[in-house]
Amino acid sequence: MSFLVVEGLVAGYGEARVLHGVDLSVAEGEICAILGPNGAGKTTLLRALSGMVRARGVIRLGGTALTGRPPDAVARLGVAHVPEGRGTFMPLTVEENLRLGAFVRRRGREVEDDLDRVCTYFPPLRDRLGQVAGSLSGGEQQMLALGRALMLRPRVLLLDEPSLGLAPLVTRELFRIVQAINQEERTTVVVVEQNAHLALGVARQAHVLETGRIVLSGTAERIRADEQVAQSYLGYR
Ligand code: ATP
């Protein structure tokens, strides 16, 4: 059963069109990877899904139309976007950043419980709640960005290049936590990732985006077995 449905999605910046009719669907509770070369439009696709760039076409989440809604409305409907570069507020503390993630919810017991839950996924954050975000390592900042997104209690997590600039060990740990979140919270995840090995290791379905169009879709095993994908993204054959 498709949960997130995208049909004929067209988006870009001013006159420059980047997405030329993207179709994809993601089942509820699934991790879906978006692969593709630089400039293919992967970031633009995530921005279109979260309402950050204007788009035409169909975006539906659990039957609710998202196209044309502003980012805060999309967030209220349960879509949390962790942008490339993370988007944490460096002068604010870890705790302040996390609380900002709960902006659509009323304060109170629920938010306090979620703070605790996020710190359970990301123990280094618990030790650094009073520290400014700018003082964190790259890996901790990515944890903070993810943690802030979780504070929304999202139905869908959009992750843009979570491994960017991180050491392999840190990246693997992050992906392990993303998998745990996916399994324990049943959160649907759409992850854009340059590291195709990693992405295909956690995803059930994957889509390859090239010059604004999906050119290949299938299970992670099928995508991994594709000769061209192997050559272009996995570095063998
Ligand atoms: P990368 O892996 O390099 O981030 P990508 O697949 O995520 O690539 P996008 O970042 O979506 O690709 O960019 C697609 C195209 O849109 C590129 O040609 C880029 O120059 C252009 N673009 C991206 N952001 C903007 C912007 N804010 N204004 C104008 N053009 C943009």
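The structure presented is a predicted model; accordingly, all values stated were derived computationally and were not measured.

Rules and cut-offs
Residues numbered from 1 in each chain as written. Predicted model: local features only at pLDDT ≥ 70, side-chain atom pairs only at ≥ 80, totals over all residues. Heavy atoms only, no water. Near = heavy atom within 4 Å. Polar contact = N/O pair within 3.5 Å; in protein donor to acceptor, adjacent residues only side chain to side chain. Areas by Shrake-Rupley, 256 points an atom, 1.4 Å probe, with all protein chains shown as cover. Helix = DSSP H or I, 4+ residues; strand = E, 2+ residues; numbered from the N terminus. Expected span 1.5 Å × (residues − 1). Buried < 20%, exposed > 50% of the residue type's maximum accessible area, 1.4 Å probe, protein only. Arc of directions from axis to C-beta. Pairing = 2+ DSSP bridges. Contact = heavy atoms within 4.5 Å. Axes fitted to C-alpha atoms, helices over the stretch in contact; angles between N-to-C directions. Salt bridge = Lys/Arg side-chain N within 4 Å of Asp/Glu carboxyl O. Core = buried A, V, L, I, M, F, W, Y, C linked by side-chain atoms within 4.5 Å.

Asker: Even after reading the chapter, I still don't get the site of the ligand, so can you show me in this structure?
Answerer: Neighbouring residues of the ligand: 14 residues in total, closest Gly39, Gly41, Lys42, Thr43 and Thr44. A distance of 2.9 Å is found between an oxygen atom of the ligand and a side-chain nitrogen or oxygen belonging to lysine 42. Considered on its own, the ligand offers 630 Å² of accessible surface; in the complex 58% of this is hidden by protein. Broken down by element, the residue count for the shell around the ligand peaks at four residues, all from helix α1 (residues 42–49).

Asker: Explain helix α4 (residues 109–121) to me, please; I cannot follow it from the model alone.
Answerer: Quick reminder: α-helices carry 3.6 residues per turn. Residues three or four places apart thus point the same way. Helix length check: α4, at 13 residues, gives a terminal C-alpha distance of 19 Å against a target of 18 Å (1.5 Å per residue), a fit within 8%. The complete set of buried residues in α4 reads Val111, Asp114, Leu115, Val118, Cys119 and Tyr121. Around the axis of α4, the buried residues are gathered within 155° of arc, so they sit on the same side. Exposed side chains of α4 directed beyond 90 degrees from the buried face belong to Arg109 and Thr120.

Asker: I would appreciate a short explanation of α1 in the present structure.
Answerer: With seven of eight residues buried, α1 is to be regarded as a mostly interior element. Regarding α1, the residues found buried are Lys42, Thr43, Thr44, Leu45, Leu46, Ala48 and Leu49. Glycine 51, located one to two residues past α1, shows a positive phi value of around 85°.

Asker: Quick question: what am I supposed to make of the sheet that holds strand β4 (residues 55–61) here?
Answerer: Hydrogen bonds between backbone groups are what pair the strands of a sheet, and the pairing can be parallel or antiparallel. Spatially, β2-β1-β4-β5 is the arrangement adopted by the four strands of the open sheet, whose pairing is antiparallel. With partners counted over all chains shown, the strands left at the sheet margins are β2 (16–27) and β5 (64–65), one partner each. Pairing analysis gives two bridges linking β4 to β5, with the strands arranged antiparallel. If you follow leucine 61 over to β5, its bridge partner there is threonine 64. Lying on the sheet, α1 is in contact with β1 (2–13), β2 and β4; it crosses β1 at an angle near 115°.

Asker: Would you take a moment to explain the environment of alanine 206 for this structure?
Answerer: With respect to the helices, strands and loops of the structure, alanine 206 is situated in strand β9 (residues 205–210). Residues alanine 206 and glutamate 221 lie 15 residues apart in sequence; the distance between their C-alpha atoms is 9.0 Å. Beyond its immediate stretch of four places on either side in the chain, alanine 206 contacts Ala33, Leu200, Leu216, Ser217, Gly218, Ala220 and Ile223.

Asker: Looking at this model, I keep getting lost on the pattern of salt bridges. Mind explaining?
Answerer: When their charged atoms lie close together, side chains carrying opposite charge are able to pair. Enumeration over the complete set of coordinates arrives at eleven salt bridges. For arginine 117, the salt bridge is made with glutamate 185, and the minimal N-O distance between the two is 2.5 Å. A residue pair is termed long-range when its members are at least 10 positions apart, and arginine 117 in helix α4 and glutamate 185 in helix α7 (residues 168–185) qualify at 68 residues. Taking relative accessible area as the criterion, glutamate 185 reaches 30% and is therefore assigned partly exposed. The structure contains a network of salt bridges with shared partners spanning Asp114, Arg117, Arg153 and Glu185.

Asker: Which parts of the structure should I look at to understand the pairing of strand β8 (residues 188–192)?
Answerer: A regular strand places its side chains on the two faces of the sheet in alternate fashion. The buried fraction of β8 amounts to five of the five residues, a majority that puts the element mostly inside the structure. Of the two faces of β8, the one lined by Thr188, Val190 and Val192 and the one lined by Val189 and Val191 are each fully buried. Alignment of strand β3 (residues 31–35) against β8, held across four bridges, turns out to be parallel. Looking across to β8, one finds that alanine 33 is bridged to valine 191.

Asker: Explanation requested: the nonpolar core in the structure shown.
Answerer: Core analysis: the largest hydrophobic core is formed by 50 residues, its most contacted members being Leu35, Phe122, Leu157, Leu159 and Ile223. Setting aside chain neighbours within four positions, we find leucine 35 in contact with Lys42, Glu193, Ala196, Ala199, Leu200, His207, Val208, Leu209 and Ile223. Counting residues in each nonpolar core, the second largest holds 29 residues, with Leu45, Ala48, Leu66 and Val192 among its members.

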